[in-house]
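Coordinate analysis (summary)
For reference, the chains in residue letters:
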Amino acid sequence: MAVMRCEFDSEALGMSTSMTVILPQPDPARPTPTGPADAGPPVLYLLHGLSDDDTAWTRHTSIERYVAPLGLAVVMPQVGRSFYTDETHGNRYWTFLTEELPEVCRSFFRLSDRPEDTFVAGLSMGGYGAVKWALRQPERFAAAASLSGALNVAHRRHAPDRPLDPDVWHTVWGDAPTAGPDDDTVALVGRAGPDTPPLYVACGTEDFLHDDNERFVAAARDRGAPVTVDFSPGDHDWPYWDATIRDVLAWLPLRTRPPVS
């Protein structure tokens, strides 16, 4: 695998930003994606948490080693503490993520642009971003996964155990009492349609976000959204995410064909 940190100018953000990218190298022993030979490898957009950056997944997990046998590219963008949102008092990180980033990646690297080859996942704030992206633009993804996701931001603002930093809320959503309907994942899954991609929701039973994840899963099941649930022992930490991302990768519906002899 090739691993690189790419610094580039973002028009959506009006500044320089970065992403860390893992790219598969040719390997005749590894299955390759089905479909057109020039489609490029499948891609996983892997999103970081509130206190992290685009390097966090490669620094704290063995994601490079886990994806190597899969022929899967991984794109990890830098979004600060934005909750993957066009901030009220900040920058346009939703626009950057959903419009600019995929185009920039395909201009720099040979990646498949087929929905059946495109996945999104993330941890904590990134789990929220992954689910929000998949629910708002379901036609773009074959699957989406949340690890310890902040999947109930309306409750998290004033949660008695660990409330969201009011400065973060003000920057992202201004003085609004709750996130708008397009930024509330519980509301989004409550109106999910038949084109909703399969969702994977994992959260440790000792995690402070466990109750929020349970509420999201209940809303998804009430709506009949396709959701796989993993509520196993674990906390809000890298040992849990390093283990769980392996389960997510095994769950992804990767399309492969035997290598050409």
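Whatever comes next refers back to the structure up there.
Residues numbered from 1 in each chain as written. Predicted model: local features only at pLDDT ≥ 70, side-chain atom pairs only at ≥ 80, totals over all residues. Heavy atoms only, no water.

Attention now goes to the overall build of the protein. Summing up its helical and strand segments, the protein has nine helices and 10 strands in all. For the protein, whose C-alpha radius of gyration is 18 Å, the value lies close to the compact-globule estimate of 18 Å for 261 residues. With the C-alpha coordinates aligned to their principal axes, the bounding extent of the protein is approximately 60 × 40 × 35 Å. Taking all 261 residues of the protein together, 56% fall into the buried category. Within the protein, residue pairs in contact and separated by at least 24 positions form 75% of the contacts whose partners lie at least 6 positions apart. Total accessible area computed for the protein in this model is approximately 11000 Å², and 50% of it derives from carbon and sulfur atoms. The distance from the centre of the 22 positive side-chain charges to the centre of the 37 negative ones in the protein is 4 Å. (Helix = DSSP H or I, 4+ residues; strand = E, 2+ residues; numbered from the N terminus. Rg over C-alpha atoms; globule rule 2.2 N^0.38 Å. Buried < 20%, exposed > 50% of the residue type's maximum accessible area, 1.4 Å probe, protein only. Contact = heavy atoms within 4.5 Å. Areas by Shrake-Rupley, 256 points an atom, 1.4 Å probe, with all protein chains shown as cover. Lys, Arg positive; Asp, Glu negative; His and termini not counted. Charge placed at Lys NZ, Arg CZ, Asp CG, Glu CD.)

For the rest of this paragraph, the subject is the state of the cysteines. In this structure the tally under the stated criterion is zero disulfides. Counting only cysteine sulfurs, cysteine 6 is the nearest neighbor of cysteine 105, a cysteine outside any disulfide, at a range of 7.9 Å. (Disulfide = S-S within 2.5 Å.)

Here we come to the pairing of strand β6 (residues 118-123). The element β6 is largely enclosed, with a buried count of six among its six residues. Of the two faces of β6, the one carrying Thr118, Val120 and Gly122 and the one carrying Phe119, Ala121 and Leu123 are both buried. One ladder, built from five bridges, connects strand β4 (residues 43-47) with β6; its direction is parallel. Residue pairing across strands places tyrosine 45 opposite valine 120, the latter belonging to β6. Relative to strand β7 (residues 143-147), β6 is paired through five bridges, and the arrangement is parallel. Of the residues in β7, the one forming a bridge with glycine 122 is serine 146. This β-α-β element, β6 to helix α4 (residues 125-136) to β7, shows right-handed connectivity. (Pairing = 2+ DSSP bridges. Right-handed = clockwise from strand over helix to strand, strands pointing away.)

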